[in-house]
Amino acid sequence: MKKGKMFFMLLLFALFSLSEIIAQDKINTITVNVSEGKYTINRNIYGHFAEHLGRCIYDGIWVGTESSIPNIQGYRKDVLEALKELEIPVLRWPGGCFADTYHWKDGIGPKQNRPTIENKFWGGTIEDNSFGTHEFLDLCEMLNTQPYLAVNVGSGSPQEAKDWIEYVTSDGNTPMANLRRKNGREKPWKVKFWGIGNENWGCGGNMTASYYADLFLRFSTYSWVDTKVATGGLPDDYDWTETIMKKTERKQNLIGGISFHHYTVTHTWADKGSALDFIKDEWFKTISKNFGMESMLKKHLAIMDKYDPENKISMFADEWGNWHNVEPGTNPGFLYHQNTIRDAVSAAIYLNIFNNSCYRVKMANIAQTVNVLQAMVLTNDKFLVKTPTFYVFKMYKKHFDALMLPTEVISEKYLNGTEEIPSLSASASQNKDGEINITLANVTADNDLQTSINLNGLEDFEIINSEIITADKINSHNDFNKKEEVSIKGFNSVDKDGNNLIVSIPSKSIVSISLKIK
Ligand code: AHR
C-alpha cells in the first residue's frame, strides 16, 4: 500500500475510534444539578418493617431473657448491634397482614397472664405474646428509632384503636394511661405515625376502596395522633388512591399519608423464582420490575398532586422489596429467603427512586428487618449474617435529611431479547455541611461501564470518599460458616476531569461518591 493511502486509512481509523469514545462517553452521562435542590430526603425513607411473621420478631429480634442466645433484656444482642449500625429512623410494627388480626391488649401486662394466639396468616404459629407494645416501644428507644404502629381495622374497632393510642401516648389521668403505669411505664411514648389498617383491599378485610375510605375517616376521627396513614391499594390500583383522596378531600386534617406497597417477584406469585439459584435472564427480569415501580409510584403521586396541590399528604412506601421463593426446606409461611448482590442492586434502584421522589415520598419501609423477605440480617441459632441489602442501607445513610439534587441519567440500554431498560440508576444529595453524595448502580449482570458525572452548577470540588458494593457472581451472598462475600469496600476508579467525574463502574455494583465543594 502506498504511504499516502496508508496514512489516510490510519487517520480514518483514528477518527472513527475517537468518535466511538465520544459517543460512548455521551451514552453514559449522569448530570447532577447542584443548584436545583428544593426538597429534603426525609431520613424515614430509610425505614424498616418488622412483622409477627416467621422468625422476624420471635427468634429474630426477641428470644426472651431465658434464652441461651446472648440477649439484652430478651432482645438478641447481635441483632441490636447490627441494626444500630443502620441508624434505622423508623420501624413499622406489628404488621402487615398480622396487624388486622392483632388485639393489643393480648400483649401487655405480666407475661404469664398473656394469652397465646394463633398467627393465622403466617404459618399458624402459636405465639405467647411475650413481645407486645412495651417490648416493641422499648426496642425503638434502644435503637433510637421512631415507632410506626398499625392499628387493627379488619377485625378490630375504633374503640380498640382509640384505647391503644391512649395507652401509648396519654400523659393524663386516663384509664388507659393508668393501665400503662400499672404495667410499669410511667411516661408515655412518643409515637407520631399510626397506620389505619393494612392492605384492607386484601388480608385487612377484603374491602372496596369506598368502604375503606369511610372506615378510615371513622377510625381517624377518634385517633388523636399526629400522622394517620391510610392503606393504599394494589400497586397499580390508581382508583383506590383516587377514592381515598376524593373522600378525604374536605377532611384533610384527618389524613397524613397514604401507603404504597410494592414487591418485586421475578416470575409469578405462585412461583416467584429462587433467591439464590437464578440465571442472567432472571437477573434482568427482577431489575426490570424494580425499575417498573417508578411509573406506578408516579401515577399515584400525580393523583395526590391533583387533590393536594399544597403537598400536605405524604406518600409512605411502607412495604417494598424483592420477594423470592422461600429457601428449600423452610416453612412456606415464614417467608425466609436469602439475599444476594442482585437484591443489593434492587435496593439501590428502589432507594434512588424514593430519593428522587422525596417531594412527597416521606417514608419507606423495606420488608422486612430480620429473617423475612429482603432482610437486613439473617440469624441461625447463635449466628448472624449481614445481607448485601444491609450494606446498601449502610452506604445510603449519607442521604439522611439531605437536600435532594435532581439528577438526569442517560445510559446505555440494558437489553434482554426485545426488552430494554437503563444500565444505570442514580440519586444525589447535599448534606448540611455542604458535602455532595452521589449514589449510583450499574444494574447490569455483566457489562462493566464507564460513565461521566457532570456536576452542573459546581465550579470546583474534591473527591473525599468513594465506596463500592460489588461481587464476582450474580448470586454472590453472605452465609453462615463462610467468609463474607459482599460488603462495602473502598473504590478508586473515580477521576476528576474539570467539573466532571469519570467513573469506571463494574457490572452488578453500587457506588457512592462524596465530594467537598472548594
Ligand atoms: O410483608 C409480608 C406481607 O406482604 C405483609 O404482611 C402484607 O402487608 C403484604 O402483603
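Residues numbered from 1 in each chain as written. Predicted model: local features only at pLDDT ≥ 70, side-chain atom pairs only at ≥ 80, totals over all residues. Heavy atoms only, no water.

Things to note about the overall build of the chain
Looking only at helices and strands, one finds 10 helices and 27 strands in the chain. For the C-alpha atoms alone, the extent of the chain along its principal axes is close to 100 × 55 × 45 Å. Per-residue burial over the chain gives 57% buried out of 518 residues. A separation of at least 24 residues holds for 76% of the contacts in the chain among residues at least 6 apart in sequence. Here the chain displays about 21,400 Å² of accessible surface, and carbon together with sulfur accounts for 52% of that area. Side chains of the chain give 55 positive and 63 negative charges; the mean places of these two sets differ by 2 Å. (Helix = DSSP H or I, 4+ residues; strand = E, 2+ residues; numbered from the N terminus. Buried < 20%, exposed > 50% of the residue type's maximum accessible area, 1.4 Å probe, protein only. Contact = heavy atoms within 4.5 Å. Areas by Shrake-Rupley, 256 points an atom, 1.4 Å probe, with all protein chains shown as cover. Lys, Arg positive; Asp, Glu negative; His and termini not counted. Charge placed at Lys NZ, Arg CZ, Asp CG, Glu CD.)

Brief notes about the site of the ligand
In the vicinity of the ligand lie 13 residues, with Glu-51, Cys-97, Glu-199, Tyr-263 and Glu-319 positioned nearest. Contact between the ligand and Tyr-263: an oxygen atom at 2.7 Å from a side-chain N or O atom of the residue. With respect to the ligand, the side chain of Glu-319 contributes an N or O atom lying 2.8 Å from an oxygen atom. When the ligand is considered free in solution it has 280 Å² of accessible area, and contact with the protein chains removes 94% of it. Grouping the amino acids of the shell around the ligand by side-chain chemistry returns seven nonpolar, three polar and three charged. (Near = heavy atom within 4 Å. Polar contact = N/O pair within 3.5 Å; in protein donor to acceptor, adjacent residues only side chain to side chain. Nonpolar A, V, L, I, M, F, W, Y, C, P; charged D, E, K, R; others polar.)

What to know about the domain arrangement of the chain
By the assigned domains, the chain splits into domain 1 (27-37 + 405-517) and domain 2 (43-401). On a C-alpha basis, the centres of domain 1 and domain 2 stand 29 Å from each other. Buried area between domain 1 and domain 2, summed over both chains or domains, comes out near 3,400 Å², and the portion from carbon and sulfur atoms is 66%. Taken as a group, Ile-474, Phe-480 and Ile-510 account for 20% of the area that domain 1 buries against domain 2, more than any other trio of residues on that side. Between the two partners, domain 1 and domain 2, sit two salt bridges. A salt bridge links Lys-280 to Asp-446, with the nearest nitrogen and oxygen atoms 3.1 Å apart. Our enumeration of links across domain 1 and domain 2 arrives at 19 residue pairs in polar contact (both at pLDDT 80 or more). Elements with a minimum of two residues in the side of domain 1 that touches domain 2: strand 18 (413-416), strand 19 (419-422), strand 20 (424-430), strand 21 (436-442), strand 23 (461-469) and strand 27 (509-517). Its residues placed into classes, the side of domain 1 that touches domain 2 shows 19 nonpolar, 18 polar and nine charged. (Domains from an automatic or database assignment. Buried area = accessible area lost by both parts, 1.4 Å probe. Salt bridge = Lys/Arg side-chain N within 4 Å of Asp/Glu carboxyl O.)

Structural notes on the sheet that holds strand 25 (residues 494-497)
With mixed pairing, five strands are arranged side by side in an open sheet as 17-1-22-26-25. Either end of the sheet is taken by a strand with one partner, and the two such strands are strand 17 (407-410) and strand 25. Between one strand axis and the next, the sheet turns by 20° as a mean value, whatever way the strands run. Bridge analysis of strand 1 (residues 29-33) against strand 22 (residues 449-456) gives five bridges, and the strand direction is parallel. (Pairing = 2+ DSSP bridges. Axes fitted to C-alpha atoms, helices over the stretch in contact; angles between N-to-C directions.)

Overview of the sheet that holds strand 10 (residues 227-230)
Strand pairing in a sheet relies on backbone hydrogen bonds. The paired strands run either parallel or antiparallel. Strands sit in the order 2-5-8-9-10-11-12-13 around a closed barrel of eight strands; the barrel is parallel. Sheet twist, expressed as the average angle between the axes of neighbouring strands with direction ignored, equals 25°. As paired elements, strand 2 (residues 47-49) and strand 13 (residues 361-367) share three bridges and run parallel to each other. Within the sheet, the bridge partner assigned to His-48 lies in strand 13 and is Ile-366. Sitting on the sheet, helix 9 (residues 341-356) is in contact with strand 11 (257-264), strand 12 (314-322) and strand 13, with an inclination near 170° to strand 12.

Points about the pairing of strand 21
Within strand 21, seven of the seven residues are buried, which leaves it mostly tucked inside the rest of the structure. Side chains of strand 21 alternate between two faces, with Ile-436, Ile-438, Leu-440 and Asn-442 and Asn-437, Thr-439 and Ala-441 buried alike. The pairing of strand 20 with strand 21 spans seven bridges and is antiparallel. Note on strand 21: the bridge partner recorded for Ala-428 is Ile-438. Hairpin connection, strand 20 to strand 21: the antiparallel pair is bridged by five residues, and Gly-434 has positive phi, about 90°.

Looking at unusual backbone geometry
Note the cis peptide between Gly-95 and Gly-96, where omega equals 20°. For the peptide bond that leads from Ala-367 to Gln-368, omega is -10°, which places it in the cis range.

A few points about the state of the cysteines
Enumeration over the complete set of coordinates arrives at one disulfide. Each sulfur of the disulfide joining Cys-97 and Cys-203 lies 2.2 Å from the other. Looking down the S-S bond of the Cys-97 and Cys-203 bridge, the torsion is -85°, so its handedness is left-handed. Here Cys-97, found in the loop between strand 5 (90-93) and strand 6 (117-119), pairs with Cys-203, found in the loop between strand 9 (193-196) and helix 6 (209-221); they are 106 residues apart in sequence, far enough to count as distant. No disulfide involves Cys-56; its nearest neighbouring cysteine sulfur is the one of Cys-140, lying 12 Å away. A relative accessible area of 1% places Cys-140 in the buried class. (Disulfide = S-S within 2.5 Å.)

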